Structure formats: structure tokens, C-alpha cells
Amino acid sequence: MPDGATPQADYLFPPAPVTSLPVSGSDARFPVRRIYCVGRNYAAHAVEMGHDPDKEPPFFFQKNPDSILLPGSDFPYPTKTSDVHFEMEHVIAIGTGGSDIAVGDALDHVFGYAAGLDMTRRDLQSQAKKAGRPWEVGKAFERSAPMSAIAPSSQIGHPDHGRIWLKVNGEVRQDGDLDQLIWKTPEIIAYLSGLFDLAPGDLIMSGTPAGVGSVQVGDRLEGTVEGIGSVSVAVV
Ligand code: MN
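Here the structure is a predicted model, which is why all the values come from computation and not from measurement.

Novice: What should I look at first to understand unusual backbone geometry in this one?
Specialist: In terms of backbone geometry, most residues other than glycine have negative phi values and most peptide bonds are trans. Here D100, not a glycine, exhibits a phi torsion of approximately 50°, which is positive. Along the chain, D100 turns up in the loop between strand 7 (88-94) and strand 8 (110-117). Residue R143 is not a glycine yet carries a positive backbone phi of 60°. Here R143 lies in the loop between helix 3 (136-139) and strand 10 (145-146). Residue R143 is classed as partly exposed on the basis of its relative accessible area, which comes to 38%.

In C-alpha cells form, the structure reads like this:
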């Protein structure tokens, strides 16, 4: 139990509800604890954002569990922005926690995988980058993480290749393959577990392929990670 958690406290108001995702082939749900995101984990996307992937290794930022947009929900165009971008991503769902996890043991900590979108207020993120400020206003806003159901690795294994792609209004805009990830799933888990204690319920969004772009109200986003799942979101 985390410090400060009390089993039968006299709370002043009801605690926030737990966000959970459906699990493919099961009635059980995956309760979400934290959401980590990897930046610039596909070389072509690093280049399109003006960076050199050989000189700048990937890095992490976070969204909040209640930033998740559940499957079947619409994405309301967010406030305080005029440049919202899609980033289609492969998502790792942690089932067994740990810290300082070895690369060779990392996949034993995975429950499954999902398809997700790292929706981004690019204008606010760009202002933050220029000012050397944190990225939360660009990344961690309400409903900024549309997700698919989670596909258990007991059913699909641990895909290390497969097409990852996104269509906007039927037109393919992002098209990559998991084999293009700079940091692979075991390396991401190993590195992240050296910085933070991973725990069951953690999600890791592993980065986006090239081709990111803006959305408009009325757009339909349809993203798929081959063999894992799909997200379909209307921008309203
Ligand atoms: Mn991203």
C-alpha cells in the first residue's frame, strides 16, 4: 500500500474512480496505475520533429490515468489550442511490477499490449519546449490517450514486428513497423524500471512513427497495431 493510503478512511469526498481498460477475450478489466510515454522512439519521427536520433536518445514523459479515452468514445477537440496532433502508438501493459529489471527478464513483466493515441496540443508543447518548461499542458490533458482493449500476451505473445498505421478520414497518414522502434519493448521496461518502480497497471506508450499531423473537428482517426488492436475515434 502506498504511503498515505488508508483502507477505511473517513474520506471528505469519494476517492476518484479507477480508470480501467477492457481485456480482449475476457470480462476482466485492466486497472490503470500510471501512463509513461517514450519520446522520439522511431528515427523517422525524430527527424521530422527536427532532431537527430543518433545524437538524442529517447526519453520519457507521463500522462495521467484519467487522461484515457475509453474504446468507443469520441475525442472532444481540447481547449486552449489550435494545433492538435495525432501520434499512433504501440502500448505495453505491465502485469508484474519491479525495479531494476534486467532486459532478459523484462517480457515476464508484461501482461499484454494495446493500440493507443498520444494526442498532443502541439502548439502548447512547442511553446514549452522553447521555454525549457515541462510538457504537461501539451501532453497530459483530458482524454488525451485514446486506447484499445488490451490483448493479453498469453494469447498474442510479444510482437516485435508488425505494421503500425493510422488513417485519417480513410487516408493513411502514419505507416510504420514495430521493428523500427529504436528502443525495443524489453529495453524500455529495463530502462524505465531503473528510474521508477513499475507496478501492475502501468501502461507504456512506446512512441510514434513518422507522419504526425493535425486533426480537425469532424475527422475520424482509425489506428491499428497489427495483431494487437485498433482505436477508432471521432474528433467532435
Ligand atoms: Mn508520443
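Novice: Hey, could you run me through helix 5 (residues 185-195) in this one?
Specialist: Along an α-helix, residues three or four positions apart point the same way, because every turn accommodates 3.6 residues. Among the residues of helix 5, T185, P186, I188, I189, A190, L192 and S193 are the ones counted as buried. Elements in contact with the buried residues of helix 5: strand 3 (35-39), strand 4 (59-63), strand 7, strand 8 and strand 14 (203-205).

Novice: When you look at the nonpolar core in this model, what are you seeing that I'm missing?
Specialist: Nonpolar side chains in soluble globular proteins tend to end up buried together. The biggest cluster of nonpolar side chains holds 37 residues, and the ones touching the most others in it are L117, M119, I189, I204 and L221. Element by element, the count of residues in this core is highest for strand 8, at 4 residues. Look past the residues within four positions of I189 in its chain and what remains in contact with it is I92, I94, I101, A106, V110, L198 and I204. Among the nonpolar cores identified, the runner-up in size contains 18 residues, and F30, I35, A128 and W135 belong to it.

Novice: Got a minute to help me understand the packing of aromatic side chains in this structure?
Specialist: As enumerated under the stated definition, the model contains 7 aromatic pairs in all. An angle of 85° between the planes, with centres 5.3 Å apart, marks the rings of F59 and W135 as edge-to-face. Pair noted here: F59 is in strand 4 and W135 is in the loop between helix 2 (122-131) and helix 3, with a separation of 76 residues, a long-range link. The partly exposed category is assigned to F59, whose relative accessible area is 23%. Taking the centre distance of 4.8 Å and the plane angle of 70° together, the rings of W183 and Y191 count as edge-to-face. Owing to a relative accessible area of 16%, W183 belongs among the buried residues under this scheme. Judged by relative accessible area, which is 44%, Y191 ranks as partly exposed. Ring-pair connections join several aromatic residues into one group, and the members of that group are F59, F61 and W135. The ring of F141 has K63 lying over it, and the distance from NZ or CZ to the ring centre is 5.9 Å.

Novice: Hey, could you run me through the pattern of salt bridges in this one?
Specialist: Close approach of charged atoms lets side chains of opposite charge pair. Applying the stated criterion across every chain yields a total of 6 salt bridges. Linking R33 and D202 is a salt bridge whose minimum nitrogen-to-oxygen distance equals 2.8 Å. Taken together, the residues R33 in the loop between strand 2 (29-31) and strand 3 and D202 in the loop between helix 5 and strand 14 connect sequence positions 169 residues apart. Overall, the relative accessible area of 32% leaves R33 in the partly exposed class. For D202, a relative accessible area of 0% gives the class buried. For R122, the salt bridge goes to E87, with nearest N and O atoms at 2.9 Å. Taken together, the residues R122 in helix 2 and E87 in the loop between strand 6 (84-86) and strand 7 connect sequence positions 35 residues apart. Of the two residues examined, R122 and E87, each falls in the buried class.

The rules behind the values
- Residues numbered from 1 in each chain as written.
- Predicted model: local features only at pLDDT ≥ 70, side-chain atom pairs only at ≥ 80, totals over all residues.
- Heavy atoms only, no water.
- Helix = DSSP H or I, 4+ residues; strand = E, 2+ residues; numbered from the N terminus.
- Buried < 20%, exposed > 50% of the residue type's maximum accessible area, 1.4 Å probe, protein only.
- Contact = heavy atoms within 4.5 Å.
- Core = buried A, V, L, I, M, F, W, Y, C linked by side-chain atoms within 4.5 Å.
- Phe/Tyr/Trp six-rings, centres within 6.5 Å; stacked < 30°, edge-to-face > 60°.
- Lys NZ or Arg CZ within 6 Å of the ring centre and 35° of its normal.
- Salt bridge = Lys/Arg side-chain N within 4 Å of Asp/Glu carboxyl O.

Fair warning: the whole summary comes from geometry, so function is off the table for now.
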